[in-house]
Structure formats: C-alpha cells, structure tokens
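The residues making up each chain are set out below.
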Amino acid sequence: MDNITRRDLGLPYISDDAVMEEQKVCRRILQRLNTADRSDFEELSKIVKELLGKSEGAFINPPFYCDYGSHIEVGKNFFANYNCTIIDVAKVKIGDNCQMAPNVAIYTAGHPLHPVSRNSMYEYGIEVTVGDNVWIGGNTVILPGVHIGDNVVIGAGSVVSKDIPDWSVAVGNPCRVIKKITEEDRKYYYKDREFDEEAWAAIEEFAKKQEK
C-alpha cells in the first residue's frame, strides 16, 4: 500500500516523495496568499477559495499555513485571523459561521511516543471537527482527534485535547468547560456589559431574519 493511501485511511505512513509532491501544490498556493497585497481583499478571497476548494464566504488573513488545503473543509462565512496554522494531514471539518482569532493552531498530525517507532519516520493523522457558530480564541491549540460541538467559545490560550460539547464556554490547559451558554448571555457583548439600545434593536432584527 502506498503512503498516500495509508495516510488517507488514517494508518501510519511515511512522508515520501509522492506525499511531498502533494504538499508542493499547496505551498505554491500559500506562497501567493502570503505574499499578496493585504489590502486586495478580492484577490485574497479568490486564493483562499482555490486553496480550500468548496467554500462560501471564507476569508483568511495571511499569513496562513497548512500542509494540503484540500483536506480542510469549511462551511459558510469561515474566518481565520492572522497566523493561523492547520496541519491537515487528516481531514479538518469546520462548520458554518466559525471564527478563529490570531495564532490559532489545529493539529491533526502526530508521531509515536517511543523513540524507536518515532525515528522510523512513521507518523499519523487523526481527523478534527469543529461545529457551527464556534469562536476560537487567540493562541488556542487543538490536538488530533478532537471534536468541538456547535455554538462553542474556546477561551484564548487554551490547549484542547478532549471533545467539547455544544453550547459551552471552555478554557485552559487542558481545556475544560467552565459554563454553558444560555439565552441570558445574548444581551451581553463582554462579561457584564450589555448592548446599547441601538445595537440591541439591530440584533433583534437580525434574529427575526434568521428565524424566517
């Protein structure tokens, strides 16, 4: 069995010449993305679509780094801020309306613990999934095999090594749930600061449109 097939089946594989040829395709696109005019939002969006394939309204603030791009599947209105890294050896599935603050890293790749096995050059990739309406805070690291539910906020600086359930705020190293998000949270924009009347009216109007 060749190493590309082994990789895509989730088996241990070696990054041989054939694997690296696939990465070269991605690196050429990343070179264009990361050296493009940062004020040319239309061109940046076009390159992002080329990199990720199927996407609707996706935008990435360069620099951005990944291994393949084609292994990353994003939903509508995906946004990644500066210096995001997605090591997409295995599939990374991200839902609709997801936002990533600067310096977020998602790792699907890993290496064996034992030095003999590790030095054999075998490595692996395990899928990561992120649900809809997820906000991932700056400097967060998401490790292989993690599943993050819908409507989740991950606090800045977290290391996510285990699954996070829907409607949760989770923070820390290791990342853990500290509270559930409830309807009461809707009226606040930061801690105990409530939206002003003008903003709240706009949010209510937005909510009505979403329900239609």
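Novice: Please explain the overall build of the protein chain as it appears in this structure.
Specialist: A tally of regular secondary structure across the protein chain gives five helices and 21 strands. The principal-axis extent of the C-alpha atoms belonging to the protein chain is close to 60 × 40 × 30 Å. The proportion of buried residues among the 212 residues of the protein chain is 38%. When the accessible surface of the protein chain is totalled, it reaches about 12300 Å², and 53% of it is carbon and sulfur. Averaged over its 25 positive side-chain charges, the protein chain has a centre that lies 2 Å from the centre of its 33 negative ones.

Novice: Can you walk me through a nonpolar patch on the surface in this structure?
Specialist: Together, Met1, Leu9 and Leu11 line one region of the surface with nonpolar side chains, adding up to about 320 Å² of accessible area. Inspection of the secondary structure puts leucine 9 in the loop between helix H1 (3-8) and strand E1 (13-14).

Novice: Just to check I follow, could you spell out helix H3 (residues 41-52) for this structure?
Specialist: Because an α-helix completes one turn every 3.6 residues, residues spaced three or four positions apart along the sequence face the same direction. In this model, H3 (12 residues) spans 16 Å end to end at C-alpha, consistent with the 16 Å of a helix rising 1.5 Å per residue. Of all the residues in H3, the buried ones are Leu44, Ile47, Val48, Leu51 and Leu52. When H3 is viewed along its axis, its buried side chains cluster within an angular range of 120 degrees and face the same direction. With respect to the buried face of H3, the exposed residues turned more than 90 degrees away are Glu42 and Lys46. Tucked inside the fold, the buried residues of H3 contact helix H2 (17-35), strand E2 (59-60), strand E3 (64-66) and strand E4 (72-74). Positive phi shows up at glycine 53, right after H3, with a value of about 75 degrees.

Novice: Could you clarify how one ought to interpret the pairing of strand E18 (residues 168-171) in this entry?
Specialist: Consecutive side chains along a regular strand alternate between the two faces of the sheet. With two bridges connecting them, strand E16 (residues 153-154) and E18 associate as parallel partners. Within E18, the position partnered with isoleucine 154 by the bridge is alanine 170. Bridging between E18 and strand E19 (residues 176-180) involves four bridges; their strand directions are antiparallel. Residue valine 171 lies in a different strand from E19, and its bridge partner there is arginine 176. Between E18 and E19, which pair antiparallel in sequence order, lie four residues; one of them, glycine 172, sits at a positive phi of approximately 105 degrees.

Novice: Explain the sheet that holds E16 to me, please; I cannot follow it from the model alone.
Specialist: Adjacent strands of a sheet pair through backbone hydrogen bonds, lying either parallel or antiparallel. Taken in spatial order, the seven strands line up as E2-E5-E8-E13-E16-E18-E19 in an open sheet, and their pairing is mixed. Unpaired on one side and paired on the other, E2 and E19 mark the two borders of the sheet. Strand direction decides the pairing type here: E2 and strand E5 (residues 79-80), joined by two bridges, are parallel. Of the residues in E5, the one forming a bridge with phenylalanine 59 is phenylalanine 79.

Novice: What is the right way to look at the environment of valine 177 in this model?
Specialist: Take valine 177: it is sitting in strand E19. For valine 177, a relative accessible area of 37% translates into the label partly exposed. In this structure, the C-alpha to C-alpha distance between valine 177 and serine 158, residues 19 residues apart in sequence, is 11 Å.

Rules used throughout
- Positions within a chain are numbered from 1, following the residues in the order the chain's sequence is written.
- Whole-chain, interface and lining totals are the exception, using all residues; otherwise, since this is a predicted model, local features are given only for residues with pLDDT of at least 70 and side-chain atom pairs are given and counted only at 80 or more.
- Side-chain descriptors were evaluated using all non-hydrogen atoms of the structure, hydrogens and water having been removed beforehand.
- For helices the rule is a DSSP run of H or I covering at least 4 residues; for strands it is a run of E covering at least 2, with both sets numbered from the N terminus onward.
- The buried label applies to any residue whose accessible area, calculated with a 1.4 Å probe on protein chains only, is under 20% of its type's maximum; exposed applies above 50%, and partly exposed to all values in between.
- In this description, accessible areas are obtained by the Shrake-Rupley approach with a 1.4 Å probe, and a residue is regarded as covered only by the protein chains that are shown.
- Counted as positive: Lys and Arg. Counted as negative: Asp and Glu. His and the chain ends are not counted at all.
- The atoms used to mark charge sites are NZ of Lys, CZ of Arg, CG of Asp and CD of Glu.
- Nonpolar side chains (Val, Leu, Ile, Met, Phe, Trp, Tyr) within 5 Å and like charges within 9 Å form the patches, drawn only from residues with over 30% relative accessible area and no salt bridge.
- Salt bridges are identified by distance alone: a Lys or Arg side-chain nitrogen within 4 Å of an Asp or Glu carboxyl oxygen.
- Expected span, for any helix, means 1.5 Å times one less than how many residues it has.
- The arc in question is the one traced by the directions running from the helix axis out to the C-beta atoms.
- By the convention used here, residues are in contact when the closest approach between their heavy atoms is within 4.5 Å.
- Any two strands with at least two DSSP bridges between them are considered paired.

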